[in-house]
Amino acid sequence: MIVGIGVDLVDIARFERTIERTPRLIERLFSGSERTLKPHSLAARYAAKEALIKALGGSDGVHWTEIEVASEASGRPHFMLTGSTAAVIADRGITAVHLSLSHDAGLATAYVIAESGGVVPGTTTAEEGS
């Protein structure tokens, strides 16, 4: 059953200007492996994290660096969740989180669906992926 839906849209040029003005944002928003990515990929990941928070109905107990967007070998994006963020998801009975990302025409967008019920392949937490 769907328990939450979130969508976010980021202007990539505006996002780049923001991180140029405030470089410490990268450390506060992204995991170590994400920090090596190009700005358009970071913008999409930022949108994904915002969309996840919207799908959850708020950010209580959620920490940006505990939400990592990774890619499967096929290129399909998925969340790797750790710490209190993974606990919040589990405590809310969410068993699957679907993620779609796109960037085009200077915009990055993310769409997230959170479900309770059966586990869907391709959606893991860091503990499950280890």
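For the structure itself, look to the data block above.
Quick caveat: nothing in here was measured; it's all calculated off a predicted structure. (Residues numbered from 1 in each chain as written. Predicted model: local features only at pLDDT ≥ 70, side-chain atom pairs only at ≥ 80, totals over all residues. Heavy atoms only, no water.)

*Asks:* An account of a nonpolar patch on the surface is needed here, citing residue identities and associated values.
*Replies:* A contiguous nonpolar patch, built from Ile 2, Ile 5, Val 7 and Tyr 111 and spanning about 360 Å² of accessible area, is present on the exposed surface. Looking at which element gives the most residues to the nonpolar patch, the answer is strand β1 (residues 2-11), with three residues. One can find Val 7 in strand β1. On the basis of relative accessible area, Val 7 is assigned to the partly exposed category, the value being 45%. (Patch = residues over 30% accessible without salt bridge, like charges linked within 9 Å, V, L, I, M, F, W, Y side chains within 5 Å. Areas by Shrake-Rupley, 256 points an atom, 1.4 Å probe, with all protein chains shown as cover. Salt bridge = Lys/Arg side-chain N within 4 Å of Asp/Glu carboxyl O. Helix = DSSP H or I, 4+ residues; strand = E, 2+ residues; numbered from the N terminus. Buried < 20%, exposed > 50% of the residue type's maximum accessible area, 1.4 Å probe, protein only.)

*Asks:* Can you break down the pattern of salt bridges residue by residue, with the values?
*Replies:* Counting across every chain of the model gives two salt bridges. A salt bridge links Lys 54 to Asp 8; the shortest N-O distance between them is 2.8 Å. Separated by 46 residues along the polypeptide, Lys 54 in helix α3 (residues 39-56) and Asp 8 in strand β1 bring together distant segments of the chain. Using a relative accessible area of 41% as the deciding quantity, one classes Lys 54 as partly exposed. We classify Asp 8 as buried; its relative accessible area is 11%. Lys 49 is the partner of Glu 34 in a salt bridge, and the nearest nitrogen-oxygen pair spans 2.8 Å. Here Glu 34, found in the loop between α2 (24-29) and α3, pairs with Lys 49, found in helix α3; they are 15 residues apart in sequence, far enough to count as distant. An identical accessibility class is assigned to Glu 34 and Lys 49; each is buried.

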